[in-house]
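Below, each chain spelled out in residue letters.
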Amino acid sequence: MERVLVSWIGQHDLDAVTGNSPGPVMAAIRDAEQSGNSYNHIHLIYNYKTSQALPYLDWLSAGVDSATSISSRRFRLTSPTSYAEIYPAVSSELAKLEQKYPLAQRVVHLSPGTPAMAAVWILLVKTRFPAICIQSWQNSEGKQVVQEVELPFEIEARFSLEATRRSDKRLNRLLDSEEAADKAFARITSAGELHGAIEKSRKIAVRDVPILLLGETGTGKELFARAIHDASFRREGPFVAVNCGALPHDLTESLLFGHKKGSFTGAMQDHDGFFAQADGGTLFLDEVGELPIKVQVKLLRALQEHTFIPVGASEPRHSDFRIVAATHRELAEQVGEGSFREDLFYRLAVGVIKLPALRDRPEDFPALIETLMESINSELSDQPGYRRKKIDDDVINVIMAHDWPGNIRELRATLLRAAVWNDSATLTCHEVEDALLVLPSQSNRATLGGISQPIDLEKLMADVARHYIPLALARADGNKTRAAKLLGLRSQPVLTNKMKKYGID
């Protein structure tokens, strides 16, 4: 996510050109760089003479990363404490920045300038233009200290609808997006079961061979694919992600391999397919088991020879790509059924990495929850009325008691719902339970069939109870109240009675 730093230029900033202190603005920039959350754009406003500001702007430009853009605007104020002049100046600049960077996270520096300037910042941040506020000061050792400011009050916003709509765009993007691997595997959280998959991925990443990622929906297959790409020698090349299950069957071949103009109705011009787009990089084929048999044949040839023929073309085309495929299906079973080619399966399955389900990673829950909450807090911290959230210690037990069929994606969505729905600074067990979505179990539905011969209903019910009650007690650490809730029973006494009925200790 892009970040924009907005600030007035103050006297301490101007003094930094010839002094020993970096000044508030440069201190904020360096602090962000050290935390790995650098600013992409810096916009400064000032009311000094241009001849006074230009040396500072030149000095600042020389001290920041060349990829960071710096812009500035001068306003002539009759007084640096004139609210009537400061408010429209700042308001117009923030409006322009919002239009230019609609999804960027704004950070407003309160320290440079006068108290009147800081007051106007706060007024606008709490009403029209949500942003993170920071401040800085010089400590006893002469170093600039930068700190985020939490504003502990709410102002009724005249433009709250406008701010909420912008928040919703960011919220939807947060919910829909996968966690991106910034530096290879650095952001993949695991203390146990997943560690083996991480180590295998690290080793295979530098080998230019196909990789097949296996795991349930939501286990982070695309995150692993991106991390493998970032850790490979192809990291400077493109990473092209394709969800094979979302490709229209009649256009799958064209979308993957490209087509020539006029090759079919609607082909108005030549089109590069995903294989061509991945030249020099990595092609990630998610849900590869959904590909039609006809396309599988062409995929096998492309893997073997790194050449393919676009639809309507007569000459083959070359592409230097690396394939990372993924599926939540049992490809071996599909091979046996004839819906997936055996030769393609073995061609893809050079580096096979199995990603465990979240329910099989109990030791990872504390660190994973902390990572997800930090991500959610960071994304939502500049939204109207949002308070940073932390998790009550007992919540971890509630989370571990849930099966999480949607795995990390479901956990992240649940924490996000709880964070958005509640105003408290600490999420409790009740608030997280309220955010859970419990879906009917497909496996349970599958065991319910017709009656082709007589059955013993009481014995069947007893078998089910003797299977699930101990599992619920184990997941609830022996707590009967929580175990009863897991089993859908009204109360702890009801569970106790069933345990006596079926002879369960």
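Residues numbered from 1 in each chain as written. Predicted model: local features only at pLDDT ≥ 70, side-chain atom pairs only at ≥ 80, totals over all residues. Heavy atoms only, no water.

Draft legend 1. Just the overall build of the protein, in detail. On a plain count of helices and strands, the protein comes out with 21 helices and 15 strands. Here the protein, with 505 residues, has 45% of them falling under the buried criterion. Put simply, of all contacts in the protein between residues at least 6 apart along the chain, 73% involve residues at least 24 apart. Looking at the protein as shown, the accessible area adds up to about 26,500 Å², and 51% of this sits on carbon and sulfur atoms. (Helix = DSSP H or I, 4+ residues; strand = E, 2+ residues; numbered from the N terminus. Buried < 20%, exposed > 50% of the residue type's maximum accessible area, 1.4 Å probe, protein only. Contact = heavy atoms within 4.5 Å. Areas by Shrake-Rupley, 256 points an atom, 1.4 Å probe, with all protein chains shown as cover.)

Draft legend 2. Here's a closer look at the sheet that holds strand E3 (residues 69–74). Strand order in the open sheet formed by six strands is E3-E2-E1-E4-E5-E6, with mixed pairing between adjacent strands. Both outer strands of the open sheet, E3 and strand E6 (144–149), are each paired with one neighbouring strand and no more. Looking at each pair of strands side by side, their axes are set apart by 25 degrees on average, direction ignored. Strand direction decides the pairing type here: strand E4 (residues 105–109) and strand E5 (residues 132–138), joined by three bridges, are parallel. Across the sheet, Val-107 pairs through a bridge with Ile-132, a residue of E5. (Pairing = 2+ DSSP bridges. Axes fitted to C-alpha atoms, helices over the stretch in contact; angles between N-to-C directions.)

Draft legend 3. Representation of the environment of Thr-426. Note on placement: Thr-426 falls in strand E15 (residues 426–427). In the structure, Thr-426 is positioned 34 residues away from Asp-392 in sequence and 6.1 Å away in space, judged by C-alpha atoms. Apart from the residues lying within four places of it in its own chain, the contact partners of Thr-426 are Lys-390, Ile-391, Asp-392 and Glu-431.

Draft legend 4. The sheet that holds strand E7 (residues 211–214), seen in detail. Taken in spatial order, the five strands of this open sheet run E8-E9-E12-E7-E13, and their pairing is parallel. Two strands in the sheet have a free side with no partner beyond their single neighbour: strand E8 (239–243) and strand E13 (351–354). Neighbour-to-neighbour, the strand axes of the sheet open up by a mean angle of 15 degrees, direction not taken into account. As paired strands, E7 and E13 are joined by four bridges and run parallel to one another. Of the residues in E13, the one forming a bridge with Leu-213 is Ile-353.

Draft legend 5. Quick look at the packing of helix H19 (residues 457–475) against helix H21 (residues 492–501). The interhelical angle for the contact between H19 and H21, taken along N-to-C directions, is 125 degrees, at an axis separation of 10 Å. The pairing of H19 with H21 is recorded here as oblique in orientation. Considering only the axes of H19 and H21, their crossing is left-handed. Listed contacts from H21 to Glu-458, Ile-469 and Leu-473 of H19 are Leu-495, Lys-498, Met-499 and Lys-501. For the contact of H19 with H21, the per-class residue count stands at four nonpolar, no polar and three charged. (Parallel < 35°, antiparallel > 145°, perpendicular 65-115°, else oblique. Left-handed = near helix turned anticlockwise from the far one by under 90°. Nonpolar A, V, L, I, M, F, W, Y, C, P; charged D, E, K, R; others polar.)

Honestly, it's all geometry; don't read function into it.
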